[in-house]
Amino acid sequence: MTTVFYRRLLREYSPAILLVLLILAVWETVSRLGQIPPFILPAPTAIWSALMEERGLLFGVHMPATLLEVLTGFALSVFCGSLLGTGMHLFRPLAKALYPLLIISQTIPLVALSPLFIMWFGYTLWSKVAVVFLTAFFPVVVGTYDGLGKNTEQYRELLLTLGANRWQILRKAAVPLALPSFFSGLKLSVVYCVIGATIGEWLGGSRGLGYFSRRMAGNLQSAEMFAAVVLLSALGITLFLCIATLEKLFLKKRGRYS
């Protein structure tokens, strides 16, 4: 069973893996030939060495801080976003009133709002969580709202003829049909959470991978900075894959995956 799984994984992602290996090989070669100064773009092997040298600080201090910010902001985004998206679906005047405001909220640069959050919450966890929440909230609301409004009319009419009320229609038809859109919103949201946490740490943090990368950039320690960036990328990919796995489990139970 495990062998079959790994063969399938290799077959599906082998082009991407080969492309990444090719990029790394070219990158390493160019760096070793001295075509690019190491303080601008260090070699992959130098980044790996920096990651190993700083692993105690990165994995013991900064990674847990960033992960806590990401998961807290993501949990709040999922709870509030799905609640608001459902409310907008059930009450059209609420959707007409709030949807434009939600779009406007995404046009405001987070760099401009982060100092305001620091004034409100101080240099605490919640100033970073506020940035994460504002970054990740929108995809969940839109995924929930759009998903609940898709392809439900024929099921709604059928359930109405069977005597179902509004909440039964929501539970039996709208929610199951909305799951693909909802999980698409979650996958976007969890990646945006990592971006939001990094921005919050860059502008007002004392711990976290974003703070570490800013400090290393200020000291022109580019290999250490790239090591933090690699960990941020790995964190985003891991969280995305967790949501994708959860999506497959939920939809497989409903016959949406073979």
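Residues numbered from 1 in each chain as written. Predicted model: local features only at pLDDT ≥ 70, side-chain atom pairs only at ≥ 80, totals over all residues. Heavy atoms only, no water.

*Asks:* Could you give me a rundown of the nonpolar core, with the residues and numbers involved?
*Replies:* Counting residues in hydrophobic clusters, the biggest one holds 30 residues, and the most contacted among them are Leu-58, Phe-74 and Leu-186. For this core, the element with the highest residue contribution is helix 10 (residues 222-253), accounting for 9 residues. If near-sequence neighbours (up to four positions away) are discounted, Leu-186 is found in contact with Phe-74, Val-78, Val-140 and Ile-243. (Core = buried A, V, L, I, M, F, W, Y, C linked by side-chain atoms within 4.5 Å. Buried < 20%, exposed > 50% of the residue type's maximum accessible area, 1.4 Å probe, protein only. Helix = DSSP H or I, 4+ residues; strand = E, 2+ residues; numbered from the N terminus. Contact = heavy atoms within 4.5 Å.)

*Asks:* Break down the pattern of salt bridges for me, citing the residues and quoting the values.
*Replies:* For the coordinates displayed, the defined rule picks out 2 salt bridges. Of the charged contacts, one joins Glu-28 and Arg-32 as a salt bridge, the two residues approaching to 2.7 Å between their closest N and O atoms. Of this pair, Glu-28 and Arg-32 both sit in helix 1 (residues 2-32), separated by 4 residues, roughly a single helical turn. Glu-28 gets classed as buried once you look at its relative accessible area, which sits at 13%. Under the relative-accessibility criterion, Arg-32 is labelled exposed at 62%. Among the salt bridges present, the one from Glu-247 reaches Lys-187, with a minimum N-O distance of 2.9 Å. With Glu-247 in helix 10 and Lys-187 in helix 8 (residues 166-204), this residue pair connects regions lying 60 residues apart in the sequence. (Salt bridge = Lys/Arg side-chain N within 4 Å of Asp/Glu carboxyl O.)

*Asks:* Give me the UniProt feature "transmembrane region" (unreviewed entry) in the protein chain: which residues, what numbers.
*Replies:* Taking the UniProt record as the reference, the feature "transmembrane region" (unreviewed entry) is found at residues 56-85, 97-123, 129-148, 177-205 and 225-246. Helix makes up 100% of residues 56-85 and strand 0%, and the two end C-alpha atoms of the span are 42 Å apart. Taken end to end, residues 177-205 is 97% helix and 0% strand, and its first and last C-alpha atoms sit 41 Å apart. (UniProt positions renumbered as here; feature names shortened; annotations may be inferred.)

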